[in-house]
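Coordinates in review
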Amino acid sequence: MKLTNPGFEQPLKESIANALASLYKVEADADSLLLQETRKEFEGDTTFIVFPFTAQSRKSPEATAQELGEALLADGTLVAGFNVVKGFLNIVLHNHWWMQFFNQARAQEEYGRPYNPDDSLVMVEYSSPNTNKPLHLGHIRNNLLGFAVTNILEFAGHGVIKTCIVNDRGVHISKSMLAWQLWGNGETPESTGIKGDHLVGKYYVKFDQEYRAQVAELIAGGMAEEQAKKDAPLMQQIQEMLVKWEQEDAEVRALWKTMNSWVYAGFEESYRNLGVDFDTTYYESDTYVLGKAIVQEGVDNGAFYKKEDGSVWVDLTEDGLDHKLLLRADGTSVYITQDLGTAQLRFEQEPETSKLVYVVGNEQDYHFKVLALTCKKLGKPWAD
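All residue numbers refer to position in the chain's written sequence, counted from 1. Local features in this predicted model are restricted to residues whose pLDDT is 70 or higher, and side-chain atom pairs enter the listing and the counts only when it is 80 or higher, whereas totals over whole chains, interfaces and linings include all residues. Just so you know, side-chain values use all the structure's heavy atoms and leave hydrogens and water out.

To continue, consider helix α13 (residues 335-349). Secondary structure elements are defined from DSSP: runs of H or I of at least 4 residues count as helices, runs of E of at least 2 residues count as strands, and each element is numbered from the N terminus. One fewer than the residue count of a helix, multiplied by 1.5 Å, yields its expected span. Under the 1.5 Å per step criterion, the end-to-end length of α13 is 21 Å for 15 residues, consistent within 8% with the ideal 21 Å. Type-normalised accessible area, obtained with a 1.4 Å probe on protein chains alone, sets the label of each residue: buried when under 20%, exposed when over 50%, and partly exposed for intermediate values. Counting buried positions along α13 gives 11 out of 15 residues, so the element sits mostly inside the fold. Within α13, the full set of buried residues consists of Ile336, Thr337, Gln338, Asp339, Leu340, Gly341, Thr342, Ala343, Gln344, Arg346 and Phe347.

Two measures define how a pair of helices packs: the angle their axes make with one another and the distance between the axes. Here helix α8 (residues 196-220) crosses helix α11 (residues 250-274) at 130°, and the two axes come no closer than 6 Å. Judged by the inter-axis angle, α8 sits oblique to α11. Contact residues: α8 offers Gly196, Asp197, Leu199 and Val200, while α11 offers Met259, Trp262, Val263, Gly266, Phe267 and Ser270. Residues that form the contact of α8 with α11 fall into these classes: 6 nonpolar, 3 polar and 1 charged. Orientation is described by axes fitted as lines to C-alpha atoms, over the contacting stretch for helices, and by angles from 0 to 180 degrees between their N-to-C directions. In what follows, roughly perpendicular refers to angles from 65 to 115 degrees, roughly parallel to angles under 35, roughly antiparallel to angles over 145, and oblique to any angle outside these ranges. By the convention used here, residues are in contact when the closest approach between their heavy atoms is within 4.5 Å. For this classification, Asp, Glu, Lys and Arg are treated as charged, while Ala, Val, Leu, Ile, Met, Phe, Trp, Tyr, Cys and Pro are nonpolar and the rest, including Gly, are polar.

Judged by pairing direction, the sheet is antiparallel, and its 4 strands sit side by side in the order β1-β2-β4-β3 without closing on themselves. The open sheet terminates on both sides in strands that have one partner only, identified here as β1 (35-36) and β3 (79-85). Note that β3 and strand β4 (residues 88-93) share 6 bridges and pair antiparallel. Across the sheet, Gly81 pairs through a bridge with Val92, a residue of β4. Note on pairing: DSSP must find at least two bridges between two strands before they are called paired.

This part is about the state of the cysteines. Defined by distance alone, a disulfide is two cysteine sulfur atoms within 2.5 Å. Taken as a whole, this structure holds 0 disulfides when the rule is applied. Here Cys164 is not disulfide-linked; the sulfur of Cys375 is the nearest cysteine sulfur, at 19 Å. Of the residues examined, Cys164 reaches a relative accessible area of 2% and is grouped as buried. Its relative accessible area of 3% is what places Cys375 among the buried residues.

A grouping of Leu137, Ile140 and Leu144 is seen on the molecular surface, where their side chains present a nonpolar patch of about 280 Å² in accessible area. Note on placement: Leu144 falls in helix α5 (residues 137-155). Classification of Leu144 by relative accessible area gives partly exposed; the value is 41%. Each patch is built from salt-bridge-free residues with over 30% relative accessible area, joining like charges within 9 Å and nonpolar side chains (Val, Leu, Ile, Met, Phe, Trp, Tyr) within 5 Å. In these tables, accessible area is a Shrake-Rupley quantity obtained with a 1.4 Å probe, and a residue counts as shielded only by the protein chains included in the view. Here, a salt bridge means any side-chain nitrogen of Lys or Arg that lies within 4 Å of a carboxyl oxygen of Asp or Glu.

Any pair of aromatic rings gets described here by the distance separating the centres and the angle formed by the planes. Here a Phe, Tyr or Trp ring, Trp counted by its six-membered ring, pairs with any other such ring whose centre lies within 6.5 Å, and the pair is stacked when the planes are under 30 degrees apart, edge-to-face when over 60, and tilted otherwise. According to the stated counting rule, one finds 13 aromatic pairs in the structure shown. Aromatic side chains Tyr271 and Phe278 sit 5.1 Å apart centroid to centroid with 80° between the ring planes, which places their arrangement in the edge-to-face category. Residue classification places Tyr271 among the buried residues on the basis of a relative accessible area of 6%. Taken together, a centroid distance of 5.0 Å and an interplanar angle of 5° make the contact between Phe347 and Trp382 stacked. With Phe347 in helix α13 and Trp382 in the segment after α14 (365-377), this pair connects stretches of sequence that are 35 residues apart. The exposure class assigned to Phe347 is buried, which follows from its relative accessible area of 15%. The residue whose ring lies beneath Lys206 is Trp183, and the NZ or CZ to ring-centre distance is 5.3 Å. Counting as a charge over the ring demands two things of the Lys NZ or Arg CZ atom: a distance within 6 Å of the ring centre and an angle within 35 degrees of the ring normal.

Along the polypeptide, Thr337 turns up in helix α13. Look at Thr337 and you get buried, because its relative accessible area is 0%. Polar contact criterion, stated in full: a pair of N or O atoms within 3.5 Å, where within protein one must be able to donate a hydrogen and the other to accept it, and residues adjacent in sequence count only if both atoms are side-chain atoms. For Thr337, the side chain forms a polar contact with the main-chain nitrogen of Val334, separated by 2.9 Å. Setting aside chain neighbours within four positions, we find Thr337 in contact with Tyr288, Gly291, Lys292, Val295, Leu326 and Leu327.

Our focus in this paragraph is the packing of α8 against helix α10 (residues 233-246). For the pair α8 and α10, the least separation of the axes is 8 Å and the interaxial angle reads 125°. Between α8 and α10, the crossing angle belongs to the class labelled oblique. Side by side, α8 and α10 meet where Phe207, Glu210, Tyr211 and Gln214 of the first sit next to Pro233, Leu234, Met235 and Ile238 of the second. Residue composition of the contact of α8 with α10, by class: 6 nonpolar, 1 polar and 1 charged.

Function cannot be inferred from these measures alone, as they are strictly geometric.
This is how it looks when you write it as structure tokens:
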């Protein structure tokens, strides 16, 4: 419903009409009195022009405006102050009146709502956690910003789909899984009393500590740092686990499901505490397969190229960027692989979506430039 005016005009006009009658015996029709917005260089919420009444007041415009202002101020119902600029009476309204108006407008869901709302459908992605650790401060920021954006869009008239992508597979969760296998001694959230996402995060940290020690030992033995990072036994085990996961090895998949279930329970508790929710949740473990198919589509039509080692890349140098890895040499996917699959799946499932908003830290700007340009090279109609 359109809020045609903030509600003070009619009672203020009646007060001005009463003051004119009392001061100058002028019988003015309140509805015919004109108020205008106060110019920004002067204090005031609204302005009344007194020039039409100086003949009856038999005083200068300034004196007439001063007397009217004093009369309105003495009434005490609406006016908290005033100032006079020639024949212009700039009126300051009481704060208590504004609070009354805002509360009433808020109750009617009018204040701030556009007169001509855009009802197009917008999808907003936020949170997007990894299942190897608890939500951190950046996730809290993105959750609250994302949820606020959806509220604003809904209030503006848009249809909104609140969505989340859970990065539930890959190197990060494999590190936690391997560390738990090696040093966990079978502990669980129930046996330790530790929140599930914190327990899994504990083993992610443990992996990093042990991995760094292995790399340092190899470097001390004369190996170059980059080679040491690749050849460390723990990293070799991680690569083996990734391949087994994508081959649907039963043991690896069972451990993955168990540890992710601990994390999801922890996430849900955090989301409840933050007061945020989602309409749809996507999982990288589902969308990466579609992403790999899209990458192969790009290879087949010449949009992407394959190196001798089998890895797949896209050349974005003409767009001012560089060459971007889309698929590793061993056939395993990277982040952008699943992002390609997730984007296509979203537009297939919600074809009326007019805009997809990602709420992420600005360190992700480059990644999403690459994603958009890669989708354009594939000829996706929703790439923009």
